[in-house]
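Architecture at a glance
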There are 2 protein chains.
Amino acid sequence: MQKPSIPKGTRDFGPAQVARRRHIFNVIRRTFESFGFAPLETPTLENLSVLTGKYGDEGDQLLFKVLNSGDFAKDVTAEDLATGSKALLPKVAEKGLRYDLTVPFARYVAMNRGTLTFPFKRYQMQPVWRADRPQRGRYREFYQCDADVVGTDSLLCEAEIVLMIAQVLGGLGLHDFTIKINHRGVLRNIYQALGGEGRETDLFVAIDKLDKIGRDGVTKELLERGFSEPTIETLFALLTVEGTYEEKLQRLLAGFVTAGVEPDGARPNAADEDIAANYRGLTELAEVRDLLVASGFKQFDRLEFDPTLARGLSYYTGCIFEVKINNVQMGSVSGGGRYDNLTGSFGLPGVSGVGFSFGVDRLYDCLEALDLFTATAETPTRCLITHFDVASGRAALPLLAQLRATGIPSELYPDAKKLGVQFKYADAKGIPLVIIMGPEEIAAGVVKVKIMQSGEEKLLPLGEVVAALTVE
Amino acid sequence: MQKPSIPKGTRDFGPAQVARRRHIFNVIRRTFESFGFAPLETPTLENLSVLTGKYGDEGDQLLFKVLNSGDFAKDVTAEDLATGSKALLPKVAEKGLRYDLTVPFARYVAMNRGTLTFPFKRYQMQPVWRADRPQRGRYREFYQCDADVVGTDSLLCEAEIVLMIAQVLGGLGLHDFTIKINHRGVLRNIYQALGGEGRETDLFVAIDKLDKIGRDGVTKELLERGFSEPTIETLFALLTVEGTYEEKLQRLLAGFVTAGVEPDGARPNAADEDIAANYRGLTELAEVRDLLVASGFKQFDRLEFDPTLARGLSYYTGCIFEVKINNVQMGSVSGGGRYDNLTGSFGLPGVSGVGFSFGVDRLYDCLEALDLFTATAETPTRCLITHFDVASGRAALPLLAQLRATGIPSELYPDAKKLGVQFKYADAKGIPLVIIMGPEEIAAGVVKVKIMQSGEEKLLPLGEVVAALTVE
């Protein structure tokens, strides 16, 4: 006899968990839709030709690959086998599981370019799979909720990402959060201030680890990569400018000017003459802030311009975002940014877009850690009808049908078991109302209604039960 | 440059399709919940030890298997390779994709037997994957919506399945349907009436093909399997009894008595002395009908007792169901039945249950074929604000925020493009309302609202727009 189990890193979600997760999905969906994002769903299986090479070498390792159907090994030779798994792979698997929602989205846009209306705003809430080592807050199957706009470089999109993040977190009762924002242009200007060119990625990758390995760790790594000590001093002076969002913009501007960084241009249609009009990154960050002010955004204490924010993924080219819940020990619950060439590898170059993603599983864990879920029953049932024997059970059926027809999810206990067993069922499932329908009650044309939480019981004429319960 | 594609048998669902599919899911979910079924979700990946051997040899072939992570071929020897794919499989894959929702449910019940409250009523709406040859109405990734009760043998569950099917189809506007019902006990008694024993499965499998290969085909197959011509005559006489639900029960009863079929017992707690009290299948079918009458079910013209209904899956032991939409050329959209030993292979024997499933993709195709979907826009957006330049765009932001705050999904066109481009966007996406906010309007403190369908335009004071649109 096998003892059943599920693969590590995966989970079953019972009734209470599904109800809680649905609450999170609903808040996110309502927010996305109120901002005009339309839903898209893509297949779980994608061709490996679509997935491979999009997530770096590590990502390719973490892709779940699906064996070809039928006689999958028919083209494999002994030589293939001798060369090892990597050489074998293309012969036995041509499909894989969705690894994120961004690449399938890019693939969809490229495939449907002829029929889509741009700017195209889509959201997508689906599971993704990664063969990562499972640990706290990291699963092999988990949900992402993405919203992206492609086909416009308007910074309104960036401002609306901030608005949506604040609305979702507020809607979930998560009020102590920090939205970190930065711009790849700022990082590039910082790099230029150090006198270097063309190795920005090395820098981004090192800075990205600041949180994990600290200033000393990053210094060590940069020294190893050939950066000099004075350069690293300058770097940290720029990265760790202090003050408000606006003050930081100004101090970085001064720093870039002092270091003689070549201006890389304000946006051609920038709204107004700006403190940072000479550097695109600073200009755009200033404009995002202005758009937020104009939109009535009030939570600037929760929006932090953080020049150390790098985000590893190299396809970002403009603003980048990352969100933390402050009073919980948990990685970021949301992140995103602008990319200028997402669909290029699918034959559609030059489509600018910006998007972000919520990690539902991390939001769930935060809400649980902060005890922000309201009590969730193990069943949607509001009312259980108990009965004494086959005849009284059958006599209850019209009432059962009426309750359901008026929108009260209801059950008749299916067997004529002892009343105690039936009550225990209601109790274990968290059913709030129990109707008792025994031969006596039926004879008198009444039913007894018990409110489980208070224990209160009342006798109601059979004809009035539905109306009485509908009012409650 | 690769041309992107998706695996055959899979589909992308754009905004309009997702909205339509969500309508179907909502009708099903509301029905399941109003009957007290609670949601369950299980992982996409299951261990192959859980899946294999549960769906017959053909099913095992159709399982999608997932390659082990990392160096998957490390234990494969040249001898393994020489023996072929079947021998190789256990060395390279230990996980597979969910093939249906029943086996994961059984696995879940067995794993959580200690904490679940029985009877356990769960519903599950998730995709499943089968490496089947794709064709019309058959996909490799498709959704099932299952509801099951385990832990009771009450026939109320069977009656409620009929009620739920009728409610879901009615809720979708599908009124011309037939719910076929039969009972494995009836099929067994028919087999006994032929004088045989112990080879019922052969019979079930042959009868199951009646729809496809016709009476002649079944006759041929039964002759090959060693049944005699007179036996087959008797068989068809019993299978094709005519009349109402009740008349068929009586005619089969007479047939069984005439043929000397040993009574296999009425249910010990049957509601009343019944026409068919001697044969369990007939008794139970009669009781299901009585429970439906008592529940106020009126659609007996759509409930057909069909003694030829067999349903291939061998784990059914009691009532079986299958549902067709009559005015569309389409396979069954729902089916199910009672099983006495679903969890036995997971170490939990003797748990009786009954369940059924809706095929969402087939329901979708039926609704489309019958033109029963209402027009669905490509976006949830109700209102698009158009503008003329950066300044008027920015001036629109407070109005945009107000519209969203009052629950009207809204967008500001993100770029200051020509008005014609902005209107084309609204038109292509089916956005019903367009607000025009140009420098003139802003100076006058008004906005122009255009109702796209009628072309009607009205000028409204800026302060009254939200209230006016909320009323509409």
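Every value quoted in this text rests on a predicted model; they were computed, and no experiment measured them.

For the rest of this paragraph, the subject is the pairing of strand S12 (residues 383–387) of chain A. All names here are of chain A. Counting buried positions along S12 yields five of five residues, so the element is predominantly enclosed. Across the two faces of S12 the burial is the same, with Cys383, Ile385 and His387 and Leu384 and Thr386 all buried. Taken together, the three bridges between S12 and strand S13 (residues 410–412) define a ladder with parallel strand orientation. From the neighbouring strand, Cys383 faces S13, where its bridge partner is Ser410. Here five bridges tie S12 to strand S14 (residues 433–437), and the two strands are oriented parallel to one another. What sits directly across from Cys383, in S14, is Leu433.

Next up on the list: the interface of chain B and chain A. Buried accessible area, meaning the area lost when the parts come together, often serves as the stated size of an interface. Counting residues at the interface gives 107 residues for chain B and 107 residues for chain A. Both sides together, the interface formed by chain B and chain A hides about 8,600 Å², and carbon and sulfur atoms give 60% of it. In terms of surface lost to chain A, no three residues of chain B exceed Glu41(B), Arg394(B) and Arg404(B), which account for 7% of the buried area on that side. Summed over the shared surface of chain B and chain A, the result is eleven salt bridges. The partner of Arg404(B) in a salt bridge is Glu160(A), with the nearest N and O atoms 2.9 Å apart. The tally of links between chain B and chain A comes to 34 residue pairs in polar contact (both at pLDDT 80 or more). Top contributing element to the side of chain B that touches chain A by residue count: helix H1 (residues 15–34) of chain B, with six residues. By residue class, the composition of the side of chain B that touches chain A is 55 nonpolar, 25 polar and 27 charged.

Another aspect to go through is the packing of helix H1 (residues 15–34) of chain A against helix H14 (residues 360–369) of chain A. All names here are of chain A. With their axes 10 Å apart at the nearest point, H1 and H14 run at an angle of 115° to one another. Considering the angle they form, H1 stands roughly perpendicular to H14. Our pair here, H1 against H14, has a crossing hand that is right-handed. Together, Gln17, Arg20, Arg21, Ile24, Phe25 and Ile28 of H1 and Val360, Asp361, Leu363, Tyr364, Leu367 and Glu368 of H14 make up the contact between the two elements. Looking at side-chain class alone, the contact of H1 with H14 contains seven nonpolar, one polar and four charged residues.

Moving on, we come to unusual backbone geometry. Residue and element names in this part refer to chain A. For the bond from Phe118 to Pro119, the omega torsion is -5°, close enough to zero to count as cis. Checked against the element boundaries, Pro119 lands in the loop between helix H6 (102–111) and strand S5 (120–129). In the Ramachandran plot, Asp371 falls in the positive-phi region, its phi being about 60° despite a non-glycine side chain. Of note, Asp371 is situated in the loop between H14 and S12. When its relative accessible area of 65% is taken as the criterion, Asp371 is described as exposed.

What follows is about the packing of aromatic side chains. Throughout the structure, instances matching the rule amount to 34 aromatic pairs over all chains. Summarising the aromatic geometry, the rings of Tyr245(A) and Phe305(A) are spaced 5.9 Å apart at their centres and angled 50° between planes, so their arrangement reads as tilted. On the criterion of sequence distance, the pair formed by Tyr245(A) in helix H12 (residues 245–258) and Phe305(A) in strand S8 (residues 303–305) is long-range, its members being 60 residues apart. According to the relative accessible area criterion, Tyr245(A) is buried, its value standing at 9%. Since its relative accessible area comes to 1%, Phe305(A) is described here as buried. Cluster of aromatic residues (ring-pair linked, three or more members): Phe32(A), Phe37(A), Tyr123(A), Phe356(A) and Phe358(A). In this arrangement the basic side chain of Arg302(B) is found over the ring face of Phe177(B), its NZ or CZ atom lying 5.4 Å from the centre.

Turning next to H14(A). All names here are of chain A. Counting buried positions along H14 gives seven out of ten residues, so the element sits mostly inside the fold. Buried within H14 are the following residues: Val360, Asp361, Leu363, Tyr364, Asp365, Cys366 and Leu367. Close packing links the buried residues of H14 with H1, strand S6 (141–150), helix H7 (156–171), strand S9 (316–325) and strand S11 (353–359). The positive-phi residue at the C-terminal boundary of H14 is Asp371, with phi of around 60°.

Counted by the stated rule, this structure contains 46 salt bridges over all chains. Measuring nitrogen to oxygen at the nearest pair gives 3.5 Å for the salt bridge that ties Glu368(A) to Arg20(A). Placement of Glu368(A) in helix H14 and of Arg20(A) in helix H1 is noted, with a sequence separation of 348 residues between them. Classification of Glu368(A) by relative accessible area gives partly exposed; the value is 42%. For Arg22(B), the salt bridge is made with Glu33(A), and the minimal N-O distance between the two is 3.3 Å.

Residue and element names in this part refer to chain B. Read from one edge to the other, the open sheet built from five strands follows the order S13-S12-S14-S15-S16, with strand pairing classed as mixed. Only two strands of the sheet have a single neighbouring strand rather than two, namely strand S13 (410–412) and strand S16 (457–461). Geometrically, the sheet is characterised by an average inter-axis angle of 25° between neighbouring strands, direction not taken into account. Across five bridges, the pairing between strand S15 (residues 446–451) and S16 is antiparallel.

Residues and elements named next belong to chain A. Looking at chain A, the domain boundaries give domain 1 (15–43 + 99–369), domain 2 (45–97) and domain 3 (383–471). Put simply, the middle of domain 1 and the middle of domain 2, counted by C-alpha atoms, are 32 Å apart. Applying the counting rule to domain 1 against domain 2 returns one salt bridge. Here Glu46 and Arg107 are joined by a salt bridge, their closest N and O atoms 2.7 Å apart. Our count for the domain 1 to domain 2 interface comes out at four residue pairs in polar contact (both at pLDDT 80 or more). The element best represented in the side of domain 1 that touches domain 2 is H6, accounting for three residues.

Scoring rules and cut-offs
- Residues numbered from 1 in each chain as written.
- Chains lettered and ligands numbered in written order.
- Predicted model: local features only at pLDDT ≥ 70, side-chain atom pairs only at ≥ 80, totals over all residues.
- Heavy atoms only, no water.
- Buried < 20%, exposed > 50% of the residue type's maximum accessible area, 1.4 Å probe, protein only.
- Helix = DSSP H or I, 4+ residues; strand = E, 2+ residues; numbered from the N terminus.
- Pairing = 2+ DSSP bridges.
- Contact = heavy atoms within 4.5 Å.
- Buried area = accessible area lost by both parts, 1.4 Å probe.
- Salt bridge = Lys/Arg side-chain N within 4 Å of Asp/Glu carboxyl O.
- Polar contact = N/O pair within 3.5 Å; in protein donor to acceptor, adjacent residues only side chain to side chain.
- Nonpolar A, V, L, I, M, F, W, Y, C, P; charged D, E, K, R; others polar.
- Axes fitted to C-alpha atoms, helices over the stretch in contact; angles between N-to-C directions.
- Parallel < 35°, antiparallel > 145°, perpendicular 65-115°, else oblique.
- Left-handed = near helix turned anticlockwise from the far one by under 90°.
- Phe/Tyr/Trp six-rings, centres within 6.5 Å; stacked < 30°, edge-to-face > 60°.
- Lys NZ or Arg CZ within 6 Å of the ring centre and 35° of its normal.
- Domains from an automatic or database assignment.

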